[in-house]
Amino acid sequence: MTAISKRCLVCVVVVILTVLSHVWCLDITKRVFGDNTNYLPAAFGDFNSDKLTDLFVVTEDGKTVKVLVSHNEPPLMHANSQEMPNCTYKSLNIRSVVPGDFDGNGEMDVMIVSLNKDISPLYQIFILWGNLDNMTLDCGKEDVPLLSLSGQPLVMDYNGDMIPDLFGENENHTRMFWVFSSHRIPPQPVLMTKDTSMPHLKRPSSHGFVDMTNDLAADLWVTAEGQFEVWKITGDGYVLDKVINPSEYMKRIGQTSFADVNLDGHIDALVPACKDESCKQSAVFVRDYESDLWIDVEVSFVDQSGNTWSYPTEVNSKFRHSDTITLHVGDFNLDGFPDFLVTLFNKDKARVTLMENAPCEDAKCRYKRKFIPHWNLFGEFNDTVLGTFCDFEEDGTLDVLLVRKGGDDKYHLSVYKDATEYDAVFVKVLIPTGRCYGSDCERHNIPYGTNQPGPSITYTITTATGGTQRSRATQLPQTAHHALHLPYTVFGLGRNWNFVEEMTVGIPKARNNSATLTGTFTQIIPNSQLVVIPYPMAYPDKWVSKLFITPSKAMLMTAGALVGTCVFVAAIIGILHRREMQQDRREKQQDAHKFHFDAM
């Protein structure tokens with residue numbers, strides 16, 4: 001073998017290995033964060049209004065909050081940028097971060113919740129006012145909190161003005177709303193109810209601002225001591241619509257999550273709970289709002305080696321995120337049925353596990369869906385203590401953001417990218433506030449605003465078999481205790497390449513107005529992002545919608561096959577045309593050499 005052929009063989013092997021590593025590589029941490037991974041995720045939001053999702057993080061000591069601004073080129077999250085907005089404090093212990101436009105000026109602000117048990121049992125609330133012009137945060141004074149509450153608050157929209165408000169209990173354990181205005185002044189406290197017999201709110205809380213009554217107006221799901229409550233919004237405020245008692249089998253109750261589990265167009269309550277006080281028997285309960293039954297969904301907590309895993313308890317909640325039992329919901333395989341990520345423990349060892357939503361076809365099934373654990377999916381990352389979903393590459397498929405407890409006893413961020421080609425499509429929906437920034441509205445420019453909790457979305461599509469598929473979701477339904485919800489909604493459509501026939505969005509009702517503000521959009525192309533800007537808010541027929549197409553791999557392969565076919569046909573035509581020209585040339589030459597006897 002010659003030296004040239006050896007070099008060619010080496011080049012071919014290198015190319016093949018490079019391609020295979022690109023195809024099968026599941027760890028894209030370097031592409032997303034570079035070498036800066038020593039952070040704890042706190043929230044997602046679009047800080048600079050560039051239509052890319054930024055990541056809000058907290059340092060391990062809880063003293064600093066930073067905004068990792070998203071970019072189109074690697075590293076996607078610039079963690080080492082000198083212009084990165086951040087605030088550092090000396091005495092605070094940041095437990096929660098919630099981005100939102102708390103003064104309605106079209107710029108994103110940041111609410112931080114601090115708890116320092118050595119100083120006070122109360123949670124301290126601070127608002128860091130944002131400045132979009134120079135990409136900074138006003139860190140304020142750490143000794144002057146805006147509010148002091150007995151628990152972490154829920155960020156919601158009390159009066160329907162697209163300015164976030166708060167719900168929780170004050171220092172006297174009285175249920176209150178705190179309503180923000182377009183001025184940077186302390187929010188106005190509003191008493192929730194005069195009924196003094198209502199139980200105190202549960203700690204840790206899992207309140208939700210979510211459409212439970214199927215009218216596209218977000219209701220208030222309250223977790224109180226010994227019961228769940230649904231407060232329905234009306235023109236006069238919130239009224240108690242239903243009290244739901246927990247199942248008798250729920251001895252220790254985790255945070256409520258919300259999802260259309262069985263794809264029937266109604267949002268269900270999904271509650272992780274332990275059937276015993278020691279939490280050795282873990283379970284997941286689901287309840288439709290119209291139903292009077294809690295159903296224990298089939299979930300196996302025993303891995304292939306026979307080890308039994310369970311939810312975190314006070315004994316093994318040594319990690320920062322394991323003080324609550326939380327399910328992080330997302331449609332991982334885009335089949336339309338939401339899956340979830342959960343942190344489980346076996347003695348002192350933690351593991352993030354994906355629970356896949358699958359049909360339960362056994363006659364013994366009490367529910368037509370079940371959750372199948374994928375025990376080894378994140379095995380290469382080791383010691384994962386938290387997992388949540390995010391679309392880092394903005395391609396419509398959900399990546400998994402993992403938090404690892406490394407060998408250096410520090411927390412590190414990692415990102416898992418699924419290399420499986422599901423041949424499924426999606427629709428991504430984002431509904432910002434539509435609040436005006438600067439002189440945008442005066443110049444008749446379309447405002448954009450920031451991320452907002454409470455907008456509800458439902459869609460209808462005709463499936464490949466001729467049936468109808470519909471689902472429902474609420475944007476940013478929860479904000480406390482590291483809920484880590486995305487500021488947009490990803491609907492998996494499965495292998496239904498038809499147009500989404502109808503997409504209807506609704507925003508929370510304004511006070512003294514009984515009509516639901518909804519807008520309907522038709523013929524939405526699959527594999528696209530729909531951005532609905534509710535401006536002007538009172539006129540849904542004038543709301544602006546923008547559609548951004550995301551070509552899938554299948555579409556690119558189809559286009560490549562079409563182009564290849566055209567090139568092949570063109571090549572055949574060219575070859576035949578060339579042969580015909582050569583034949584014509586030979587015939588002309590033969591005619592030119594003929595002896596003309598008639599001329600003699």
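What counts and what doesn't
Residues numbered from 1 in each chain as written. Predicted model: local features only at pLDDT ≥ 70, side-chain atom pairs only at ≥ 80, totals over all residues. Heavy atoms only, no water. 1 Å grid on protein atoms, 1.4 Å probe; cavity = no way out; pocket = protein on both sides within 12 Å on 5 of 7 lines; lining within 4 Å. Points joined across faces, edges and corners; volume = space filled by probe spheres on them. Helix = DSSP H or I, 4+ residues; strand = E, 2+ residues; numbered from the N terminus. Phe/Tyr/Trp six-rings, centres within 6.5 Å; stacked < 30°, edge-to-face > 60°. Lys NZ or Arg CZ within 6 Å of the ring centre and 35° of its normal. pLDDT = per-residue confidence, 0-100. Contact = heavy atoms within 4.5 Å. Pairing = 2+ DSSP bridges. Axes fitted to C-alpha atoms, helices over the stretch in contact; angles between N-to-C directions. Patch = residues over 30% accessible without salt bridge, like charges linked within 9 Å, V, L, I, M, F, W, Y side chains within 5 Å. Areas by Shrake-Rupley, 256 points an atom, 1.4 Å probe, with all protein chains shown as cover. Salt bridge = Lys/Arg side-chain N within 4 Å of Asp/Glu carboxyl O. Lys, Arg positive; Asp, Glu negative; His and termini not counted. Charge placed at Lys NZ, Arg CZ, Asp CG, Glu CD. Buried < 20%, exposed > 50% of the residue type's maximum accessible area, 1.4 Å probe, protein only. Core = buried A, V, L, I, M, F, W, Y, C linked by side-chain atoms within 4.5 Å. Polar contact = N/O pair within 3.5 Å; in protein donor to acceptor, adjacent residues only side chain to side chain.

## Regarding the layout of surface pockets
- There is about 640 Å³ of room inside the second largest pocket.
- Along the walls of the second largest pocket sit 31 residues, with Arg203, Pro204, Asp323, Thr324 and His481 positioned nearest its centre.
- Of all the secondary-structure elements, those providing two or more residues to the lining of the second largest pocket are strand 12 (165-169) and strand 19 (252-253).

## A short note on the packing of aromatic side chains
- Tallied over the entire structure, the rule returns 18 aromatic pairs.
- Among the aromatic residues, ring-to-ring pairing joins Phe332, Phe378, Phe381, Phe389 and Tyr416 into one connected group.
- One Lys or Arg, lysine 405, reaches over the ring of tyrosine 411 and ends 4.0 Å from the middle of that ring.
- Between lysine 542 and the ring centre of tyrosine 539, over which it is positioned, the NZ or CZ distance is 5.3 Å.

## Some details on the confidence of the model for the protein chain
- Looking at the protein chain, the pLDDT average stands at 87 and 91% of residues meet or exceed 70.
- Segment residues 1-24 is flagged for pLDDT under 50; beyond a separation of four residues in sequence, or across chains, it makes 3 contacts in the model.

## Quick look at the pairing of strand 18 (residues 237-244)
- In this sheet, strand 18 lies alongside strand 17 (residues 227-234) in antiparallel orientation, the contact comprising 7 bridges. Directly across from isoleucine 233, in strand 18, lies its bridge partner tyrosine 238.
- Here strand 17 folds back onto strand 18, and the loop between the two strands holds 2 residues.

## What to know about the side chain of serine 247
- Of note, serine 247 is situated in the loop between strand 18 and strand 19.
- In contact with serine 247, not counting residues within four places along its chain, are Phe285 and Trp294.

## Quick word on the sheet that holds strand 30 (residues 411-416)
- Read across the sheet, 3 strands follow the order 28-29-30 without closing on themselves; strand pairing throughout is antiparallel. The open sheet has two free edges, formed respectively by strand 28 (384-390) and strand 30, since each of these has just one partner strand. Neighbour-to-neighbour, the strand axes of the sheet open up by a mean angle of 25°, direction not taken into account.
- Bridge count between strand 28 and strand 29 (residues 399-405): 6 bridges; the pairing is antiparallel.

## Considerations on empty space enclosed by the protein
- A complete count under the given rule lists 8 cavities of 30 Å³ or more for this structure.
- As a volume, the largest cavity reaches approximately 550 Å³.
- Forming the boundary of the largest cavity are 34 residues, of which Val329, Gly330, Ala473, Thr489 and Val490 lie nearest the centre.
- Space inside the second largest cavity adds up to approximately 150 Å³.
- What lines the second largest cavity is a set of 17 residues, and nearest its centre among them are Ala43, Val98, Pro99, Leu476 and Thr479.
- Looking at the lining of the second largest cavity, the elements with two or more residues in it are strand 1 (40-45) and strand 6 (94-100).
- Counting residues per element, the lining of the second largest cavity draws most heavily on strand 6, which supplies 4 residues.

## Let's talk about a positive patch on the surface
- Taken together, the side chains of Arg578, Arg579, Arg585, Arg586 and Lys588 define a basic patch exposed on the protein surface.
- Along the polypeptide, arginine 578 turns up in helix 3 (residues 553-592).
- Assessed through its relative accessible area of 56%, arginine 578 is described here as exposed.

## A short note on the nonpolar core
- Counting 46 residues, the largest nonpolar core has Val32, Phe33, Leu55, Phe378, Phe392, Val400 and Leu401 as its most contacted members.
- Sequence-distant contacts of leucine 401, defined by excluding residues within four places in its chain, comprise Phe33, Pro41, Phe44, Leu55, Leu386, Gly387, Thr388, Phe392, Leu413, Ser414 and Val415.
- The next biggest cluster of nonpolar side chains, apart from the first, holds 23 residues, and it includes Leu263, Val429, Ile457 and Leu493.

## Concerning the environment of threonine 136
- In this fold, threonine 136 is placed in strand 9 (residues 136-138).
- Since its relative accessible area comes to 32%, threonine 136 is described here as partly exposed.
- Expressed as a C-alpha distance, the spacing of threonine 136 and cysteine 87, which sit 49 residues apart in the sequence, is 9.3 Å.
- Among the polar contacts made by the side chain of threonine 136, one reaches the side chain of asparagine 134 at a distance of 2.7 Å.

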